Amino acid sequence: MSLPAANPQPLGELIARLSALHPKRIDLSLDRMHRLLARLDHPERTLPPVIHIAGTNGKGSTIAYLRAILEAAGMRVHVYTSPYLVRINECYRIGESGGGRLADDAELRRVLEHCDQVNAGDPITIFEMETAAAFCLFAEHDADVVLLETGLGGRLDATNVIDRPVAAVITPVSMDHTEFLGNSLTAIAGEKAAIIKRGAPVICAEQAAEAMSVIEAQANRMRAPLHAAGQQWHVGVERGRLVYQDERGLLDLAAPKLFGRHQFDNAGLAIATLRAIETFKIGMPAFEAGIVGAEWPARMQRLVAGALVDQGPKGCEIWLDGGHNAEGGRVAAAALGDLEERVSRPLVVIAGMMANKDAGAFLANFAGLTRHIMAVPIPGRDNAMPPDRLADAARALGMRVENAASVEAALHALSRLAYEVPPRILITGSLYLAGHVLAVNGTPPG
């Protein structure tokens, strides 16, 4: 690998320059990736065992459980996820004994500059370049396992160059990114199921029937053992604890720290994955420690301190969730329903979304929980949905809507209202909005 330049380009400037190597941010194809990896002498072939994860919702949380359990078992875990919330470094976690660390600016810049040099100016998307850099970075560091998250879809995703993963994991599949993946659940499931490789176990969350049939057919074609929720394994809640069962027995574990009923499902998927990989011998203490120790920002995350929290109404609760499609809205609304049963508070939803999302389908989940929506822009995103359009979608659902110039302005406006009981505030609609909130609040992911 070449030595860094004497005056290295700042990481943000380098990312911006690399983003200009292709006219589209997203152009699904594997041809450019194969070409670059061949020039890099195939770092993806020298990686530790890879667990490949695809799906519409729950990928990040499932990866958080996988990492926490594996690390509790004493294993070194490389992790590649996307998108990031505040800093690109969040996408690259380097496994080390005693827990991993985020890649620092210098090493990220070095591998990106090396990939850029080898690419020699040929067209390539920024995600393809970032993914190749992850393979280079991980190949340099010994580890026991790599957790590899798809960026978009699966079949033509830049990560789908791993020929022999130790497992393929498919989280719940629902309608999202239809402009790239197709307009039906069957088509989208086909894109996700394409990460299934010959002979490697497939661990699958509970799915709609049409998605499940596609996944089952692909697993059969690839002679890949299928471990499906509700069939080969089961997870549930009993007396507030997580109870997991498969043919090998039953695990009775403490509840996940991550909030919401759906987190029991995500944790169950992680447990099923690690029990399906025969070479991994994970003991009960590691499962217990991982389930209660896993953290994943912007998924029903309670903000308890910070600059934004200080601007809200006194005594209020502020929650942050990056959900942005109908299913993401459903699980966030279910979590809010659980909170309301425990401690009742008036609910206000501060929402900002990207222009290609279905605001009506997302907000409909909250119609029975609140009548008060505040529509905000997403700073720095040209393709964000204008607040007026989001407000129209809320009004069509019979909700009372106000526009605010920013999340800060929305919180300030709420702080001037007279509440008998301090409100519960959910900030939601986009991971990009969630990243902005964490940055402004002074609580970026570590």
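Residues numbered from 1 in each chain as written. Predicted model: local features only at pLDDT ≥ 70, side-chain atom pairs only at ≥ 80, totals over all residues. Heavy atoms only, no water.

## Examining the overall build of the chain
The helix and strand tally for the chain stands at 15 helices and 17 strands. Here the C-alpha atoms of the chain give a radius of gyration of 22 Å, agreeing with the 22 Å that 2.2 N^0.38 yields for 446 residues. Expressed as a percentage of the 446 residues in the chain, the buried residues total 57%. Long-range pairs, those at least 24 residues apart, make up 76% of the contacts in the chain between residues at least 6 apart in sequence. By element, 50% of the accessible surface of the chain is carried by carbon and sulfur atoms, the whole surface being about 18300 Å². (Helix = DSSP H or I, 4+ residues; strand = E, 2+ residues; numbered from the N terminus. Rg over C-alpha atoms; globule rule 2.2 N^0.38 Å. Buried < 20%, exposed > 50% of the residue type's maximum accessible area, 1.4 Å probe, protein only. Contact = heavy atoms within 4.5 Å. Areas by Shrake-Rupley, 256 points an atom, 1.4 Å probe, with all protein chains shown as cover.)

## Considering the environment of Leu40
Residue placement: Leu40 occurs in the loop between helix H2 (31-39) and strand E1 (50-54). Judged by relative accessible area, Leu40 falls into the buried class, the value being 12%. Taking C-alpha positions, Leu40 is 37 Å from Pro379, a pair spaced 339 residues apart along the chain. Discounting chain neighbours no more than four positions away, the residues touching Leu40 are His114, Cys115, Val118, Ala132 and Cys136.

## Points about the side chain of Gln218
If you trace the backbone, Gln218 turns up in helix H8 (residues 209-221). Residues within four places of Gln218 in sequence aside, it is in contact with Ala193, Ala194 and Ile196.

## Describing the UniProt feature "domain: Mur ligase central" (unreviewed entry) in the chain
Mapped onto the present numbering, the UniProt feature "domain: Mur ligase central" (unreviewed entry) falls at residues 53-273. As annotated, residues 53-273 comprises 37% helix and 19% strand, and the C-alpha atoms at either end are separated by 10 Å. (UniProt positions renumbered as here; feature names shortened; annotations may be inferred.)

## Looking at the sheet that holds strand E6 (residues 167-170)
Pairing within the open sheet is mixed, and its 8 strands lie in the order E4-E3-E2-E5-E1-E6-E7-E8. Strands with a single pairing partner mark the edges of an open sheet, and in this sheet they are strand E4 (101-102) and strand E8 (226-228). The pairing of strand E3 (residues 92-94) with E4 spans 2 bridges and is antiparallel. Considered in E4, the bridge of Arg93 is made with Leu102. In the packing of helix H5 (residues 126-140) onto the sheet, contacts are made with strand E2 (77-80), E3 and strand E5 (145-149), and the angle to E2 comes to roughly 175 degrees. Contacting E1, E6, strand E7 (202-204) and E8, helix H9 (residues 262-276) runs over the sheet at an angle of about 165 degrees to E7. (Pairing = 2+ DSSP bridges. Axes fitted to C-alpha atoms, helices over the stretch in contact; angles between N-to-C directions.)

## Brief notes about the pattern of salt bridges
With the rule as written, the count across this model stands at 23 salt bridges. One salt bridge in this structure joins Arg17 and Asp116, with 2.9 Å as the shortest N-O distance. Placement of the pair is Arg17 in helix H1 (residues 11-19) and Asp116 in helix H4 (residues 105-119), with a sequence separation of 99 residues. Accessibility expressed as a relative area gives 36% for Arg17, which makes it partly exposed. You can call Asp116 buried: its relative accessible area is 13%. Notably, a salt bridge pairs Glu317 with Arg345, separated by 3.2 Å at the nearest N-O pair. Here Arg345 lies in the loop between helix H11 (326-342) and strand E14 (347-351) and Glu317 lies in strand E13 (residues 317-321), a separation of 28 residues in the sequence. Owing to a relative accessible area of 8%, Glu317 belongs among the buried residues under this scheme. With relative accessibility at 18%, the residue Arg345 sits in the buried group. Residues joined by salt bridges that share partners form a network here, namely Glu317, Glu340, Arg345 and Arg424. (Salt bridge = Lys/Arg side-chain N within 4 Å of Asp/Glu carboxyl O.)

## Details of the pairing of strand E15 (residues 372-375)
Here E15 shows no split at all, with His372 and Met374 on one side and Ile373 and Ala375 on the other all buried. Inspection of the sheet shows E15 paired to strand E16 (residues 400-403) by 4 bridges, in the parallel sense. Across the sheet, residue His372 finds its bridge partner in E16, namely Arg400. You can see the chain leave E15, run along helix H13 (residues 387-395) and come back into E16, and the turn it takes is right-handed. (Right-handed = clockwise from strand over helix to strand, strands pointing away.)

## Examining the packing of aromatic side chains
The description of two aromatic rings rests on the distance between their centres and on the angle between their planes. Tallying each qualifying case throughout the model produces 5 aromatic pairs. Ring centres 5.5 Å apart and planes at 45 degrees place the aromatic pair Phe259 and Trp319 in the tilted group. Here Phe259 is found in the loop between strand E11 (249-253) and H9, whereas its partner Trp319 is found in strand E13, with 60 residues between them in sequence. Per residue, the accessibility class of Phe259 equals that of Trp319, and both read buried. Put simply, the rings of Tyr80, Tyr92 and Phe127 pair up and form one aromatic cluster. (Phe/Tyr/Trp six-rings, centres within 6.5 Å; stacked < 30°, edge-to-face > 60°.)

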